[in-house]
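# Tertiary structure, described
If you want the building blocks of each chain, they are given just below.
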Amino acid sequence: MPSLKRYSTFGLDANCASIHAFSDIPSFLSLYNSHETVYLLGGGSNSIFTEDFQGAVLVNEIKGISHFDDESYHYLRVGAGENWHDFVTLCLENQWYGLENLALIPGSVGASPIQNIGAYGIEVNAFIDTVEIVVLDTGEKTKLKNNDCAFGYRDSIFKNALANKVLITHVNFKLPKAHTLVTSYGELAALETPTPESIYYKVIEIRQQKLPDPSLLGNAGSFFKNPVVPMSVLANISKQYDTVPHFVVPSSDVQSSDEFVKIPAAWLIDQSGFKGATLNQVRCHPTQPLVLTNLGGAKGKDVIAMASDIIATVYDKFAIKLEPEVRLMGSKGLISL
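In short, a report on the structure. (Residues numbered from 1 in each chain as written. Predicted model: local features only at pLDDT ≥ 70, side-chain atom pairs only at ≥ 80, totals over all residues. Heavy atoms only, no water.)

## Comments concerning the packing of aromatic side chains
- On inspection of all chains with the given rule, the structure shows 16 aromatic pairs.
- A centroid spacing of 5.7 Å and a plane angle of 90° characterise the contact between Tyr39 and Phe49, whose relative ring orientation is edge-to-face. One end of the pair, Tyr39, is in strand S2 (residues 38-41); the other, Phe49, is in strand S3 (residues 47-49), with 10 residues separating them in the sequence. We note that Tyr39, like Phe49, is buried.
- One cation-aromatic arrangement involves Lys174 over Tyr73; the distance from NZ or CZ to the ring centre is 4.4 Å. (Phe/Tyr/Trp six-rings, centres within 6.5 Å; stacked < 30°, edge-to-face > 60°. Helix = DSSP H or I, 4+ residues; strand = E, 2+ residues; numbered from the N terminus. Buried < 20%, exposed > 50% of the residue type's maximum accessible area, 1.4 Å probe, protein only. Lys NZ or Arg CZ within 6 Å of the ring centre and 35° of its normal.)

## Let's talk about the pairing of S2
- Of the two faces of S2, the one lined by Tyr39 and Leu41 is fully buried and the one lined by Val38 and Leu40 carries no buried residue.
- Note: S2 against strand S4 (residues 53-60), 4 bridges, orientation parallel. Counterpart to Leu40 in the pairing with S4 is Leu58. (Pairing = 2+ DSSP bridges.)

## Some remarks on the pairing of strand S5 (residues 65-69)
- By the bridge criterion, 5 bridges tie S5 to strand S6 (residues 73-79) in an arrangement that is antiparallel. Paired with Ser66 across the two strands is Arg77, which belongs to S6.
- Counted along the chain from S5 to the antiparallel partner S6, the turn is 3 residues long.

## A look at the sheet that holds strand S16 (residues 278-279)
- Pairing is antiparallel across the open sheet formed by 4 strands, whose spatial order is S12-S18-S17-S16. Every other strand in the sheet has two partners, leaving strand S12 (218-222) and S16 as the edge strands with one partner each.
- Pairing between S12 and strand S18 (residues 291-294): 3 bridges, direction antiparallel. Residue pairing across strands places Ser222 opposite Val291, the latter belonging to S18.
- The strands touched by helix H7 (residues 300-318) are S16, strand S17 (282-284) and S18; relative to S17, the strand with the most contacts, the crossing angle is about 30°. (Contact = heavy atoms within 4.5 Å. Axes fitted to C-alpha atoms, helices over the stretch in contact; angles between N-to-C directions.)

## Describing the side chain of Asp302
- Inspection of the secondary structure puts Asp302 in helix H7.
- Summary of buried charges: Asp302 has no salt-bridge partner, and the nearest side chain of opposite charge, Lys301, is 5.5 Å away.
- Of note is the side chain of Asp302, whose polar atom sits 3.1 Å from the side chain of Asn280.
- Ignoring any residue separated from it by four or fewer positions in sequence, one finds Asp302 in contact with Leu279, Asn280 and Val282. (Lys, Arg positive; Asp, Glu negative; His and termini not counted. Salt bridge = Lys/Arg side-chain N within 4 Å of Asp/Glu carboxyl O. Polar contact = N/O pair within 3.5 Å; in protein donor to acceptor, adjacent residues only side chain to side chain.)

## Digging into the layout of surface pockets
- Here the second largest pocket is characterised by a volume of approximately 450 Å³.
- Taken together, 19 residues line the second largest pocket, and the ones lying closest to its centre are Leu104, Pro106, Pro212, Asp213 and Pro214.
- Among the elements that line the lining of the second largest pocket, the one with the most residues is S12, at 3 residues. (1 Å grid on protein atoms, 1.4 Å probe; cavity = no way out; pocket = protein on both sides within 12 Å on 5 of 7 lines; lining within 4 Å. Points joined across faces, edges and corners; volume = space filled by probe spheres on them.)

Coordinates in, geometry out; function isn't part of it.
Quick look at the structure:
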């Protein structure tokens, strides 16, 4: 069985029945239809194989970037197999601005709408025009408009109604020429005369300081989502922690008339005593507890045990249940904690 170690940035020792790369739709359909159990993989930065997978892994390597513009926008059609950070860098070099806050996020372009990736005050859905897909059961090619993708915080239709039902082949971006810089988040607010370039380099600097490089220390980026909770939950926590960090969530982002806030999962994990904690070769990162790392030779069972312990402890302490942002794979497919 071939090893999956280099196909997942967390780097666990796991195998699968077979691995196949594809760079076009006909090749994909041929592979997909010839295997009973498959898992579609992009850059491998958000998937952790906790044990041997009893199926075929199909690696999306559909490439290509095309551009045209009009008076108001830049339009880019990008293959799902393109590297996300390389794409952001290309945009900056060509003065196609808007994505600079999302620099150095690991993974592929095709994964960006699935996760609705976001950082430093920006979510990618603000710049997605359409997503091109192939329906797995029929082989039909179609496009989903932005409003059809049900984008939410680290969420989309691709994680819910269309999960395991479609392949994303291309993402079409629409970047406004009248671009508004977003510098309200954290350290970006300290930029005196911000430009897209200065934001890009500052974001890279911040991420490199706080987050471990997966090429040097195995990890899958943010392991947990930042929880969105009602104001009443924040009020209860504030009785004991009057400086609990939080961010107001726009009412358009939640399906409720109540007021909601987002509390950083890293703060909850830190307050629960896990910052720097180790279970065998799995470590809660000492400078960013939202990240779990592989110190070398980590086991899938230990990743699950550490994550489960964090979820249970945070819930007992704060009555908030953390949700993994990563996709945990077992022998037969996705598993939940």
